[in-house]
Amino acid sequence: MANPQQIDTHPGELKDVPGWFPPLDQVLFTWFLDRQQRLGQRGDLVELGVFMGKSAILLGEHLEDGDKFTVCDLFESDAPDGANRAEHNKSYGSLTRQAFERNYLAFHDSLPKVIQGPSSLISQEVDPDSCRFLHIDASHLYEHVHDDIGAAHDLLLPDGIVVLDDFRSEHTPGVSVATWEAVLNRGLRPVCLSTQKLYGTWGDPEPVQKELLAMLRERTDVGLSIQDAAGHRLVRTRAKKGMQPPAFPHSRYYKEPEPEPAPAPRPPRSRARRIGRDLLPPIVTRAVRKALAGRTKGAQATP
């Protein structure tokens, strides 16, 4: 099977872009961003770690006039240390900036600001207190995630939303440690949890949680539970079977699927056969079929 990073075709729909961005998180991203726009909360967008662009494409759909969108990824650049280099080469070694840009431009007229290098560069490229939404999905090593969270704190506006990917995956314990450390010791307040992502804020989570819970309770495709831990209300969400992502505009390369061919019409039965079948009682019809079946079987057995 071809490596998804090597597929050189233009996506027609968001689902055609390779990457890990399940329907539940697409719903949550869309809801948080729509809420910000509805409330008139202005600010820039940032994504650390873009892979093939799936979540960046969705983020780009929510830009307002005057907003800036900045993404950062190593792409083909060297990692800043040996551990990061080993992680990058193992999972993302064939990821190219060209592939990301091709996918993004299939849906949008212009690219975001692209920083090619480690996520530590983001604080040099984005102004403090300027962002309303920041998605962290770069290195999974504790030291890097710890620093990315620190950068998010400095870049976000008071009520901005940070999203931490892979905070509970079995293969990314460094992300888990950095995430819960930020919750317990660095002032990060969880808003909600999905299967893989923690959505949080350094502002007051109660107003946004209240609205979010009202939306989630109206949905039949989301499982919901609430727990309290260490002074935090944890809103846990999970997708139920068959959950679909929100509607999203097609790319400029979208082609309508070919219509399914109509089934071939069945040949009409003869009028005499229909009349004969209708006149005979059902029990007679069954007896005739049985007799004919037996005669055919006997004829086949005759040498």
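Residue indices follow the written sequence of each chain, beginning from 1 at its first position. Reporting in this predicted model follows two pLDDT cut-offs: at least 70 for local features of residues, and 80 or more for side-chain atom pairs to be given and counted; totals over whole chains, interfaces and linings ignore these cut-offs and use all residues. Side-chain descriptors were evaluated using all non-hydrogen atoms of the structure, hydrogens and water having been removed beforehand.

**What about the overall build of the protein chain?**
Under the scheme used here, helices are H or I runs from DSSP no shorter than 4 residues and strands are E runs no shorter than 2 residues, and both carry numbers assigned from the N terminus. Counting its secondary structure elements, the protein chain contains 10 helices and nine strands. Taking all 303 residues of the protein chain together, the buried fraction comes to 44%. Across the protein chain, contacts joining residues at least 24 apart in sequence account for 71% of those joining residues at least 6 apart. With residues, only the protein chains shown are counted as cover, and all accessible areas are computed by Shrake-Rupley using a 1.4 Å probe. For the protein chain, the exposed area adds up to about 17200 Å²; of that, 52% sits on carbon and sulfur atoms. Residue burial is assigned from relative accessible area. The probe radius is 1.4 Å, only protein chains are included, and a residue is buried under 20% of its type maximum, exposed over 50%, and partly exposed in between. By the convention used here, residues are in contact when the closest approach between their heavy atoms is within 4.5 Å.

**Structural notes on the pairing of strand S4 (residues 131–136)**
With six of its six residues buried, S4 lies for the most part within the structure. For two strands to be treated as a pair, DSSP must find no fewer than two bridges joining them. Where strand S1 (residues 44–48) meets S4, five bridges bridge the pair, whose relative direction is parallel. Paired with Glu47 across the strands is His135, a residue of S4.

**Overview of a positive patch on the surface**
Residues forming no salt bridge and having over 30% relative accessible area are the ones grouped into patches, like charges within 9 Å of each other and nonpolar side chains (Val, Leu, Ile, Met, Phe, Trp, Tyr) within 5 Å. Salt bridge, as used here: a side-chain nitrogen of Lys or Arg that lies within 4 Å of a carboxyl oxygen of Asp or Glu. Charged-residue counts in this description rest on Lys and Arg as positive and Asp and Glu as negative, His and the chain ends being excluded. To locate a charge, the coordinates of NZ of Lys, CZ of Arg, CG of Asp or CD of Glu are taken. Among the surface-exposed residues, Arg168, Arg236, Arg238 and Lys240 lie close enough to one another that they form a single positively charged patch. Following the sequence through the fold, Arg168 ends up in the loop between strand S5 (156–165) and helix H7 (173–185).

**Brief notes about helix H4 (residues 97–107)**
Within H4, eight of the 11 residues are buried, leaving the element largely enclosed by the surrounding structure. Along H4, the residues classified as buried are Ala99, Phe100, Glu101, Arg102, Asn103, Tyr104, Ala106 and Phe107. Structurally, H4 contributes buried residues whose contacts are with helix H2 (54–60), strand S2 (69–73) and strand S3 (113–116).

**Some words on the nonpolar core**
Working definition of a nonpolar core: buried Ala, Val, Leu, Ile, Met, Phe, Trp, Tyr and Cys residues. They are joined through side-chain atoms within 4.5 Å. One finds Phe29, Phe32, Phe100, Phe133 and Leu212 to be the most contacted residues of the largest nonpolar core, which totals 43 residues. Secondary structure elements with two or more residues in this core: helix H1 (23–38), H2, S2, H4, S5, strand S6 (189–193) and helix H8 (206–217). The greatest single-element share of this core, amounting to seven residues, is contributed by H1. The residues contacting Phe32, other than those within four sequence positions of it, are Phe133, Ile161, Val191, Cys192, Tyr199, Val208 and Leu212.

**Section: the confidence of the model for the protein chain**
Parts of the prediction with low pLDDT should not have their coordinates interpreted in detail. Mean pLDDT for the protein chain: 88, with 81% of residues reaching 70 or above. Every residue in residues 1–6 scores below 50 in pLDDT, and together they form 10 contacts with partners more than four places removed in sequence or on other chains. Along the chain, pLDDT gives the predictor's confidence residue by residue, from 0 to 100. Here residues 84–93 scores under 50 on pLDDT; set against residues more than four positions off or in separate chains, the count is 18 contacts.

**Here's the deal with empty space enclosed by the protein**
Think of a 1 Å grid over the protein atoms and nothing else: a 1.4 Å probe that fits but is trapped marks a cavity, an open set flanked by protein within 12 Å on at least five of seven lines marks a pocket, and residues with an atom within 4 Å of a point count as lining. Grid points are joined across faces, edges and corners, and a volume is the space filled by probe spheres set on the points. This model, assessed by the stated rule, comprises one cavity of 30 Å³ or more. Considered as a void within the structure, the largest cavity measures approximately 40 Å³ in volume. Taken together, Ile136, Asp137, Ala138, Ser139, His140, Val145, Asp165 and Val175 make up the lining of the largest cavity. Following the grouping adopted for this structure description, the nonpolar residues are Ala, Val, Leu, Ile, Met, Phe, Trp, Tyr, Cys and Pro, the charged ones are Asp, Glu, Lys and Arg, and the polar ones are all others, Gly among them. For the lining of the largest cavity, the per-class residue count stands at four nonpolar, two polar and two charged.

**What about the pattern of salt bridges?**
Scanning the entire structure with this criterion turns up 10 salt bridges. Note that Arg35 is salt-bridged to Glu211, the shortest N-O span being 3.2 Å. Of the two residues, Arg35 sits in helix H1 while Glu211 sits in helix H8, which places them 176 residues apart along the sequence. Within the structure, one salt-bridge network assembled from shared partners comprises Arg35, Arg38 and Glu211.

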